[in-house]
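A closer look at the structure
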Amino acid sequence: MGPHPAVAAIRLAVRRVLHDLLTDHHASADRPPHERPPSPLVLVACSGGADSMALASALAFEAPRLGLRAGGVTVDHGLQPGSDLRAEEVVLRLRELGLDPVESTAVTVGREGGPEAAARDARYAALDAAAERHGALAVLLGHTRDDQAETVLLGLARGSGIRSLSGMAAVSGADGRYRRPFLGLDRQTARKACMVQSLPVWDDPHNADPAYTRSRLRHEGLPALEKALGKGVVEALARTAQLSRDDADALDTWARQAEASVRDAAGLLECAKLYALPPAVRRRVLRQAAIEAGAPAGSLFARHIEEVDRLITGWRGQGAINLPGKVVAQRQGGRLVIRQG
């Protein structure tokens, strides 16, 4: 008799990702034995919640069967009393699953961008450092289809364009470091997999705290949408994310190709040539130019780019546009100059 369907589903999702990682890593197999690196290490980021515990259990099961080492990292954000003790409990659970190496890393959460964004930035910085320290091939993240639906709705509320609607990528980070095997699985599947395997899980009280936007969306917004529109909203939103990502990737490619054609011999952007581009392509060129000039990508919103775009499409002699990172955009003699102010 095979495993429970929920366990089989999470293992299959992880197995597919590990196969992809091995395919990307196959070049090392062509080296002589004495030159081959040790078995590649894959880490799982685990909070102790149902999603990441299910992911850790699947990684522990699948990795050895594919000749991979499996380890784990839990991040202590220090935002709740006893968080250090809880992190140590997660470390013990991961070791009981057979993962090695396993570590807990404490971070200091700042305030920039709000509490959720600051915690996320601190967490990814810690995971990056752990991956570098251990020479990990990849870090697996337990985001589910439900998380993807929430991310799409949050992007829609910000009104930041099609890239925001594309949600989380299955592969992201430097050199594709981060992998999300569960984007096609719902949250209940992960929780069921933990239950049938008798895996203890921790429910973060922040996930039910209405002070956090994502928590309100999870417990109030999505249920209201399902009540109004019927079941299937989560699946539809996740599908929208993938379609939006495909469109956004295509437009980004177009913008990169067009960027060189709208610059003069001195490398300055020519307003007439920018005007001739489709708006979606032109705004991508402008956004990239602002980032290259020093504007932080995370602080550069659609409203900023729209203001710069009006220097091209609605020119009436207006002054310079101030952008995040002390970057200034201004029109000078038919050229658009974007630089540090």
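Here's a quick rundown of the structure. Predicted, not measured: the structure shown is a model, and the values here were computed from it.

Checked against the element boundaries, F182 lands in the loop between β6 (178-179) and α7 (187-196). Considering only alpha carbons, one finds F182 and H143, 39 residues apart in sequence, at a separation of 6.0 Å. The contact partners of F182, leaving out residues within four places of it in the chain, are I10, A13, V14, D51, A54, L55, G142, H143, T144 and R145.

Next up on the list: the sheet that holds strand β1 (residues 41-45). Strand order in the open sheet made by the six strands is β3-β2-β1-β4-β6-β5, with mixed pairing throughout. Looking along the sheet, the strands with just one partner apiece sit at the ends: β3 (102-106) and β5 (171-172). In this sheet, strand β2 (residues 69-76) lies alongside β1 in parallel orientation, the contact comprising five bridges. In the strand pairing of β2, A45 is matched with V73. Its contacts with the sheet place helix α3 (residues 83-96) against β2 and β3, and it is angled at close to 170° to β2.

The next point concerns the side chain of S164. For S164, the location among the structural elements is in helix α6 (residues 162-165). Of the residues examined, S164 reaches a relative accessible area of 16% and is grouped as buried. Sequence-distant contacts of S164, that is, excluding residues within four places in its chain, are made with T151, G155 and R158.

Its location among the elements puts T313 in helix α12 (residues 302-313). Classification of T313 as partly exposed rests on a relative accessible area of 37%. When the C-alpha atoms of T313 and R69 are compared, they prove to be 55 Å apart, with 244 residues separating the residues in sequence.

According to the stated counting rule, one finds 24 salt bridges in the structure shown. Of the charged contacts, one joins R93 and E89 as a salt bridge, the two residues approaching to 3.9 Å between their closest N and O atoms. Of this pair, R93 and E89 both sit in helix α3, separated by four residues, roughly a single helical turn. We classify R93 as buried; its relative accessible area is 18%. A salt bridge links E270 to K273; the nearest nitrogen and oxygen atoms lie 3.1 Å apart. Look at E270 and you get buried, because its relative accessible area is 16%. Residues participating in the shared-partner salt-bridge network are D147, E150, R187, R214 and R218.

Turning next to the sheet that holds strand β8 (residues 321-323). Here we have four strands laid out as an open sheet, ordered β7-β10-β9-β8, and antiparallel in their pairing. Each edge of the open sheet carries a strand with a single partner, namely β7 (269-270) and β8. Alignment of strand β9 (residues 327-332) against strand β10 (residues 335-340), held across six bridges, turns out to be antiparallel. If you follow Q330 over to β10, its bridge partner there is V337. Packed on one face of the sheet, helix α11 (residues 279-292) meets β7, β8, β9 and β10 and runs near 35° to β10.

The next subject is the nonpolar core. With 35 residues, the main nonpolar core has L18, L59, L94 and F182 as its most contacted residues. The contact partners of L59, leaving out residues within four places of it in the chain, are V14, L18, V42, L43, V44, P64, A70, G71 and L140. A255, V308, L323 and I338 belong to the second largest nonpolar core, which has 26 residues in total.

Analysis parameters
Residues numbered from 1 in each chain as written. Predicted model: local features only at pLDDT ≥ 70, side-chain atom pairs only at ≥ 80, totals over all residues. Heavy atoms only, no water. Helix = DSSP H or I, 4+ residues; strand = E, 2+ residues; numbered from the N terminus. Contact = heavy atoms within 4.5 Å. Pairing = 2+ DSSP bridges. Axes fitted to C-alpha atoms, helices over the stretch in contact; angles between N-to-C directions. Buried < 20%, exposed > 50% of the residue type's maximum accessible area, 1.4 Å probe, protein only. Salt bridge = Lys/Arg side-chain N within 4 Å of Asp/Glu carboxyl O. Core = buried A, V, L, I, M, F, W, Y, C linked by side-chain atoms within 4.5 Å.

These figures come from the coordinates and say nothing about function on their own.
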